[in-house]
Amino acid sequence: MFAVALSVLLSVLDYAIANVALPTIAQDIHASPSSSIWVINAYQMAALATLLPLASLGSLLGFARLCRIGLATFVVASVLCAMSHTLLELALARALQGIGGACIMSVNIALVRFIYPHGEIGKGIALNGVVVATGVALGPTIAAAVLSVADWPWIFLINLPLGGAAMVAALVYLPATPRSASSFDLASAALNVVAIGCLVVGLDSLVHRSGPVVAVWLLLIGGAAFFQLARRQTGRSDPMLPIDLLAVPDFLIAFSVGFMAFVASNFFIISMPFTLETVLHRSAVATGLLITPWPVGIVAISPLVGRLADRVPAGILSSVGLCVTGTGFVLLCLLPPDAGNLDIAWRIAIAGMGFGIFQPPNNRAMMVAAPHGRSGSASGMVSVARLWGQTMGAMFVALTFGFVRHDPTLRCLELAAACAYAAALISSSRLLRARHE
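What counts and how
Residues numbered from 1 in each chain as written. Predicted model: local features only at pLDDT ≥ 70, side-chain atom pairs only at ≥ 80, totals over all residues. Heavy atoms only, no water. UniProt positions renumbered as here; feature names shortened; annotations may be inferred. Helix = DSSP H or I, 4+ residues; strand = E, 2+ residues; numbered from the N terminus. Rg over C-alpha atoms; globule rule 2.2 N^0.38 Å. Buried < 20%, exposed > 50% of the residue type's maximum accessible area, 1.4 Å probe, protein only. Contact = heavy atoms within 4.5 Å. Areas by Shrake-Rupley, 256 points an atom, 1.4 Å probe, with all protein chains shown as cover. Patch = residues over 30% accessible without salt bridge, like charges linked within 9 Å, V, L, I, M, F, W, Y side chains within 5 Å. Salt bridge = Lys/Arg side-chain N within 4 Å of Asp/Glu carboxyl O. Domains from an automatic or database assignment. Buried area = accessible area lost by both parts, 1.4 Å probe. Axes fitted to C-alpha atoms, helices over the stretch in contact; angles between N-to-C directions. Parallel < 35°, antiparallel > 145°, perpendicular 65-115°, else oblique. Nonpolar A, V, L, I, M, F, W, Y, C, P; charged D, E, K, R; others polar. pLDDT = per-residue confidence, 0-100. Phe/Tyr/Trp six-rings, centres within 6.5 Å; stacked < 30°, edge-to-face > 60°. Bend = angle between axes of the 7 residues up to and from the residue. Disulfide = S-S within 2.5 Å.

Looking at an unreviewed UniProt entry, one finds the protein named MFS transporter and attributed to Gluconacetobacter asukensis. Quoted verbatim from the Subcellular location (unreviewed entry) heading of the UniProt record, the comment on the protein is "Cell membrane".

Now the structure itself:
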């Protein structure tokens, strides 16, 4: 778990740091706020496009070996990010980082399932959630510290020592896992990349109103590639695109809840730094520190949730957590213009604690609902729900920034609350299913 934790920490830490530093990066490379979101989207799109093929590849190569490959790729990409001078260069380097992160994310929960006995998987997933939250918690603080003494490229260079330590731990400690005897479906992997890449770029083009004809063609190509991919995967015992898992009702509900929850979180995480700097007039350093209560709230509540996740139904825990998160976002919407730092921080902490309550039981519900022998596919789908939700959330933020002229950051917070409450409603449907059964 130490090796898994360091690997996950590396990928999550950098994502959190880049979010907080986004306004500073945008200003330095002369990019508009809506265009600068590609610093986030490039990572998300590359990770999302390669996640399921890499999860399939992990079953063939071994989950530990793929994690090590991801660590090496991530460190190299971090150096390229630091050397970037334009938005295009940085976006491409971030895409390579996303591929490295996808190698880690596609197998981390599968590794947890092999490390922990079946009756304690919830504890392992909760501990994994604590690591994720710790990385997000350290991200704003580290970003604030780095930006107070150095330029933004150093937020990527700090990955080098952590990446080296994670690689040593991965080489020494990660367990050997069974390998699948099937061959890697290269054609399906290419279709997956084309489908998601075209869909994301096409949606982004529509959001920014740049080349609508090209955007429509990209969406059509992406849709056709996805349809062909689904046809190729039909009837396979261990498909690269495990949409058959969505036919399991409990898995489908947990996947939908995860997707909606991460749309809500990105509405908040991406727009809040702009709110703090442009509306509430906080410095970059203060912004980093004020975002920190979100992950601190997740970390603070995780030990309790870890003990409850194996005993209390996800329909109860996740629903309560998402309602708390939505309420935290509503409280942020009600902030007065002259709000003090403490007034901002406790509201963000409430939202973070709610998110910490939601995640472990929902992830556990996905892993337990998957059929035996489908750990790799289920682990990949857990990350797909998160990454697709984050990617769409980032798109919606860019859309809001581009089309809303009056208080776009406030509209983002309102949409974050609406998505959190919608996710809670979907989550609570599990209680009705359990009652009928």
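Okay, back to it.
A. Broad picture of the overall build of the protein. Each helix and strand counted, the protein has 17 helices and zero strands in total. The C-alpha radius of gyration computed for the protein amounts to 20 Å, which stays within 12% of the reference 22 Å derived for 437 residues, consistent with globular compactness. For the protein, the spread of C-alpha atoms along the three principal axes comes to 60 × 45 × 45 Å. Sorting the 437 residues of the protein into buried and exposed places 58% on the buried side. Pairs at least 24 residues apart make up 83% of the contacts formed inside the protein by residues separated by at least 6 positions. For the protein, the exposed area adds up to about 16,700 Å²; of that, 70% sits on carbon and sulfur atoms.

B. Structural context of a nonpolar patch on the surface. On the surface, Val194, Leu206, Val213, Val216, Trp217, Leu220 and Ile221 cluster together into a nonpolar patch covering about 650 Å² of accessible area. Of all the secondary-structure elements, those providing two or more residues to the nonpolar patch are α9 (186-207) and α10 (212-233). No other element matches α10, which puts five residues into the nonpolar patch. Relative to the helices and strands, isoleucine 221 is located in helix α10. The exposure class assigned to isoleucine 221 is partly exposed, which follows from its relative accessible area of 41%.

C. How the structure looks around unusual backbone geometry. Unlike most non-glycine residues, histidine 281 shows phi in positive territory, near 60°. Structurally, the position occupied by histidine 281 is in the loop between α11 (249-279) and α12 (284-291). Taking relative accessible area as the criterion, histidine 281 reaches 64% and is therefore assigned exposed. Its identity as a non-glycine residue notwithstanding, aspartate 407 has a phi of 50°, on the positive side. Looking at the element boundaries, aspartate 407 is found in the loop between α16 (375-403) and α17 (408-436). A relative accessible area of 34% places aspartate 407 in the partly exposed class.

D. Geometry of the domain arrangement of the protein. In terms of domain boundaries, the protein breaks down into domain 1 (1-177), domain 2 (186-239) and domain 3 (241-436). Here domain 1 and domain 3 have C-alpha centroids that lie 19 Å from each other. Opposite the 45 residues of domain 1 that make contact, domain 3 presents 45 residues. On the domain 1 side of the contact with domain 3, Leu48, Leu52 and Arg113 bury the most area, a combined 16% of that side's loss. Summed over the shared surface of domain 1 and domain 3, the number is zero salt bridges.

E. Just the packing of helix α4 (residues 63-82) against helix α8 (residues 159-173), in detail. It is at 10 Å that the axes of α4 and α8 come closest, and there the two elements cross at 170°. Considered as vectors, α4 and α8 are oriented roughly antiparallel to each other. Only Asn159, Leu160, Gly163, Ala166, Met167, Ala170 and Leu171 of α8 make contact with α4, whose side of the interface consists of Arg68, Leu71, Ala72, Phe74, Val75, Ser78 and Val79. Of the residues that constitute the contact of α4 with α8, the class distribution is 10 nonpolar, three polar and one charged.

F. Representation of the confidence of the model for the protein in the model. Mean pLDDT over the protein: 83, with 94% of residues reaching 70 or higher. The least confident element of the protein, judged by mean pLDDT, is helix α2 (residues 33-36) at 70; the most confident is helix α14 (residues 314-333) at 92.

G. Examining the packing of aromatic side chains more closely. Enumeration according to the criterion identifies 12 aromatic pairs in this entry. Here the aromatic rings of phenylalanine 274 and phenylalanine 401 are separated by 5.4 Å at their centres, their planes lie at 85°, and the arrangement is edge-to-face. Here phenylalanine 401 lies in helix α16 and phenylalanine 274 lies in helix α11, a separation of 127 residues in the sequence. Here the aromatic cluster, defined as three or more aromatic residues joined through ring pairs, consists of Phe262, Phe268, Trp294, Phe329, Phe355 and Phe358.

H. Fine view of helix α3 (residues 38-61). Helix geometry: α3 is bent most strongly at leucine 51, by close to 45°, with proline proline 53 lying one to four residues after it. Among the 24 residues that make up α3, 21 are buried, leaving the element largely enclosed by the rest of the structure. Positive backbone phi, at 110°, marks glycine 62, one or two positions downstream of α3.

I. Structural view of the environment of methionine 240. With respect to the element layout, methionine 240 can be found in the loop between α10 and α11. Owing to a relative accessible area of 5%, methionine 240 belongs among the buried residues under this scheme. Separated by 56 residues in the primary sequence, methionine 240 and phenylalanine 184 have C-alpha atoms spaced 8.9 Å apart. Contact partners of methionine 240, with chain neighbours within four places excluded, come to Leu52, Pro53, Ser56, Phe184, Asp185, Ser188, Ala189 and Gln233.

J. Spatial organisation of the state of the cysteines. All chains considered together, the criterion is met by zero disulfides. Cysteine 103 carries a free sulfur, and the closest cysteine sulfur to it, the one in cysteine 67, is 8.7 Å from it. There is no disulfide at cysteine 323, and the cysteine sulfur nearest it, in cysteine 419, is 14 Å away.

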